[in-house]
Amino acid sequence: MTALTVRYLLTTRRVIAMALFAAVPLLLAGSLALARVPTFDILLFQVLMVPLFLQVVLIFVTLVNAAPLIREEIEDNTLPYLLTRPIGKPAIVAWKYAGYLVAVLVLLVPPLVLAYGVTEAYGGLALGTDSDVLAGFLVATVLGSAAYGALFLFISVVLRKPLAVGLLVGFVWESIVGSIPGNVPKFSVIYYLRSILKGMIDVGPLSGFPTDVSAGVAAGVLVGLSVAFLVAAMAVFQRNEFRQKA
Amino acid sequence: MTGVVEAHDLSKWYGEVLGLNGFTASFGSGITGLVGPNGAGKSTLFKLLIGQLRSDKGEVRLLGEDPWNNVPLKRRLGYCPEHNQVWGWMTATRFVETLLRLDGLPAADARTKAAEALELVGLTKAKDRPLKTYSRGMRQRAKLAQALAHGPEVLILDEPLSGADPVGRVHILRTISRFAREGGHVLMSTHVLYEIERITENIVLIHNGKGIASGNLHAIRALIDQHPHAVRIATPQPREVAQALAGMDHVVAIEMPTADALIVRTRQPDAFYRELPEIVVEHRLDVRGLESPDDSLEAVFRYLVG
């Protein structure tokens, strides 16, 4: 099931658009290097990547890959092939989620690492010079992919139009929640991703990010959220009936 | 409950639309045809049997077990859905192999069994083509291959002949017959009675979500034949044609709705169609067209349900 999902997400035509979108950080870093922008350094890399990568690329790629995992099988009437195999419905969800995670990380991680490499190479620095930045973004990418993926998968199991709701959650709620005072921002994934970056990176644009959550706790919360949404998706899927489209 | 499929007072609603309405039937071993017009409830019954839907009322058993969320039972069944959707980006080989892997087969066994199943349905030559390039009939065969590749005890086939070309039909019917000969049970739906006549005499008639008759095909045929079958004859000589046909002992009524047509009601449609050409030639009648306004299964079912 995992291999089936990975193959689908990484070998069908949709992967071209996804790969191009995931490559935006690399394209941006490459463009800055080619244009010989004098202020292009690891700080500018972070200034650009926090809004661009965390708030746009990560959310879009996870949404577009997670939302169809189950919903597309229902809409395309291919779900019966899976439901008539000796696999429990919760296992179908879990294995598909595992496949999603592999595929999304294959799409997101290489361009991010390469963009970091281009930035360091442009500054004439060794690749390990700002390893805290790379580590912070990698952890944020892995945990963000896991949390957003589980959230969007849950939405797709519960709702018939998961993309619309996913867009609202991903691009509206996650964008505005940081401006809301009090503890409300804690009801978002982005809050914990920023907390991780703040905790893991010595100097960066998030150094002043107002959070009382350490990187470790933030990582734990995101793992917990991922598990909770995944288990909820499995439970709903187990209980649901599936009617084919006419 | 001892049959391959047992349903008792089974009901399923889709909101306010009735899918099954107190359906009761028992399907024995071998091949059973579930015959009914579109919308009769055939697919709903099948989805209940594979555990895709849960009944609102009543009880259903497949091989003696409740199918809802019954994972072990899935090993014993093969299902061919009505819809023609498949993962079009896969080749037929990959499609069947992938599903066999999900059945728990090791990769090597899955490869061998997939090749065998595709050969059985006559798709060996096209097995490495993406399914999206397949015709409807070829997809039907690929769907049948995935249903039987893992060696199930029972095959549930939802309109397996729909859209199949003549060669495909032969392959499909031959494959189904062979599966049954080797001891498998087949439950196959169709809305065309003659399609199923070639491979089984056991049929269950379903209409408006209810089982209305079941048993031997010939008995049901006889039941159908008791109800007059209407034939509309287009002719500029309705009076002459009526006089000639009135002598047929199985003709029970003749009507002349318009000046250029008449409607004949017969209790033996086969005999009527066999004898008509001879009568037309003998009496030199000008008959320009024949149509059976109630030759659809829907009309037959209306007769049966009164």
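Scroll up a little and you will see the structure.
Residues numbered from 1 in each chain as written. Chains lettered and ligands numbered in written order. Predicted model: local features only at pLDDT ≥ 70, side-chain atom pairs only at ≥ 80, totals over all residues.

Looking now at the sheet that holds strand E11 (residues 251-258) of chain B. Residues and elements named next belong to chain B. Read from one edge of the open sheet, four strands run E11-E12-E10-E13, paired in antiparallel fashion. Of all strands in the sheet, those bounded by a partner on one side alone are E11 and strand E13 (289-291). Mean inter-strand twist for the sheet, computed between neighbouring axes without regard to direction, equals 20°. Bridging between strand E10 (residues 229-234) and E13 involves three bridges; their strand directions are antiparallel. Paired with Ala-234 across the strands is Gly-289, a residue of E13. (Pairing = 2+ DSSP bridges. Helix = DSSP H or I, 4+ residues; strand = E, 2+ residues; numbered from the N terminus. Axes fitted to C-alpha atoms, helices over the stretch in contact; angles between N-to-C directions.)

As a further point, take the pairing of strand E3 (residues 31-35) of chain B. On any regular strand, side chains alternate: one points to one face of the sheet, the next to the other face. All names here are of chain B. With five of its five residues buried, E3 lies for the most part within the structure. Pairing geometry for E3 and strand E8 (residues 202-207), over three bridges, is parallel. In the sheet register, Leu-34 faces E8, and the bridge partner there is Val-204. (Buried ≥ 20, exposed ≤ 12 C-beta atoms within 10 Å, placed from the backbone.)

The next thing to look at is the pairing of E8 of chain B. Residue and element names in this part refer to chain B. Along E8, five of the six residues are buried, which leaves the element largely enclosed by surrounding structure. As judged from the six bridges shared by E8 and strand E9 (residues 210-216), these two strands associate in the antiparallel manner. Counted as the bridge partner of Ile-203 is Gly-215 from E9. Counted along the chain from E8 to the antiparallel partner E9, the turn is two residues long, and its residue Asn-208 has a positive phi close to 50°.

Let us now look at the packing of helix H2 (residues 14-22) of chain A against helix H7 (residues 89-122) of chain A. All names here are of chain A. Across the interface, H2 lies against H7 with an axial gap of 9 Å and an inter-helix angle of 30°. When you trace H2 past H7, the crossing you get is right-handed. Here Met-18, Ala-19 and Ala-22 of H2 come into contact with H7, specifically with Leu-107, Leu-108 and Pro-111. Of the residues that constitute the contact of H2 with H7, the class distribution is six nonpolar, no polar and no charged. (Left-handed = near helix turned anticlockwise from the far one by under 90°. Contact = placed C-beta atoms within 7 Å. Nonpolar A, V, L, I, M, F, W, Y, C, P; charged D, E, K, R; others polar.)

Take the interface of chain A and chain B next. As a measure of interface size, the accessible area lost when the parts come together is often cited. Opposite the 20 residues of chain A that make contact, chain B presents 25 residues. Examining the composition of the side of chain A that touches chain B, we find that three residues originate from one element, helix H6 (residues 79-83) of chain A, more than from any other. Across the side of chain A that touches chain B, the residue classes break down as eight nonpolar, seven polar and five charged.

This paragraph deals with the environment of Glu-119 of chain B. All names here are of chain B. Following the sequence through the fold, Glu-119 ends up in helix H4 (residues 107-120). You can call Glu-119 partly exposed: it has 13 C-beta atoms within 10 Å. Along the backbone, Glu-119 and His-185 are 66 residues apart, and their C-alpha atoms lie at a distance of 21 Å.

Residue and element names in this part refer to chain B. Phi at Asp-9 takes a positive value of approximately 50°, unusual for a residue other than glycine. Take Asp-9: it is sitting in strand E1 (residues 5-14). Under the C-beta neighbour-count criterion, Asp-9 is labelled partly exposed, with 14 such atoms within 10 Å. Here the phi dihedral of Asn-208 falls at roughly 50°; this positive angle occurs in a residue that is not glycine. Topologically, Asn-208 is positioned in the loop between E8 and E9.

Attention now moves to the sheet that holds strand E7 (residues 185-190) of chain B. Residue and element names in this part refer to chain B. Ordered in space as E5-E6-E7-E3-E8-E9, the six strands form an open sheet in which the pairing is mixed. Here the strands that pair on one side only, and so sit at the sheet edges, are strand E5 (77-80) and E9. On average, each strand axis in the sheet is inclined to that of its neighbour by 15°, with strand direction left out of account. Here helix H1 (residues 42-49) sits on the sheet and contacts E3, strand E6 (154-158), E7 and E8; the angle it forms with E6, its principal contact strand, is near 145°. Across the sheet, helix H5 (residues 136-148) is in contact with E5 and E6; its angle to E5 comes to roughly 170°.

All names here are of chain A. Contact geometry of helix H3 (residues 24-34) with H7 gives a least axis separation of 8 Å together with a crossing angle of 15°. The orientation of H3 relative to H7 falls into the category roughly parallel. Seen along the crossing, H3 lies across H7 with a hand that is left-handed. Judged by residue contacts, Pro-25, Leu-26, Ala-29, Gly-30 and Ala-33 of H3 engage Pro-111, Leu-112, Leu-114, Ala-115, Val-118, Thr-119 and Tyr-122 from H7. Tallied by class, residues from the contact of H3 with H7 come to ten nonpolar, two polar and no charged. (Parallel < 35°, antiparallel > 145°, perpendicular 65-115°, else oblique.)

Right, let's talk about H7 of chain A for a bit. Taking 1.5 Å as the rise per residue, H7 of chain A with 34 residues should run 50 Å; its terminal C-alpha atoms sit 50 Å apart, in good agreement. Of all the bends in H7 of chain A, the largest measures some 25° and sits at Leu-105 of chain A. (Expected span 1.5 Å × (residues − 1). Bend = angle between axes of the 7 residues up to and from the residue.)

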